[in-house]
Amino acid sequence: SLATMAGLHVVVSTAMYILERDVQPDVFKSIPHARWWGIVTMATVGYGDMAPQTGLGRVFGGMTMLLGIAM
């Protein structure tokens, strides 16, 4: 389970960085910065300091939350 979550964490963080980097360059500065979002979103339902603004980012974020809850 830990290895699966670690792999998914890298994938979802990278995807969110790609989706949101142009809209929020100061929030999603790099993939390592987006990894905080990935950890918080997969472990809970978000901390609130980093949130997607685009429609596609919000849909992906919701799917990521459900994936974390399912794990």
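Residues numbered from 1 in each chain as written. Predicted model: local features only at pLDDT ≥ 70, side-chain atom pairs only at ≥ 80, totals over all residues. Heavy atoms only, no water.

Draft legend 1. Inspection of the environment of Val-27 at higher detail. Within the secondary structure, Val-27 is located in the loop between α1 (2–20) and α2 (31–43). In this structure Val-27 comes out as partly exposed when scored by relative accessible area, which is 22%. Spatially, the C-alpha atoms of Val-27 and Trp-37 are 9.9 Å apart, while their sequence positions differ by ten residues. Ignoring any residue separated from it by four or fewer positions in sequence, one finds Val-27 in contact with His-33 and Met-50. (Helix = DSSP H or I, 4+ residues; strand = E, 2+ residues; numbered from the N terminus. Buried < 20%, exposed > 50% of the residue type's maximum accessible area, 1.4 Å probe, protein only. Contact = heavy atoms within 4.5 Å.)

Draft legend 2. Broad picture of α2. The terminal C-alpha atoms of α2 lie 18 Å apart, and with 13 residues this matches the ideal 18 Å at 1.5 Å per residue to within 8%. All of the buried residues in α2 are Ala-34, Trp-37, Gly-38, Val-40, Thr-41 and Met-42. Contacts made by the buried residues of α2 are with α1 and α3 (55–70). (Expected span 1.5 Å × (residues − 1).)

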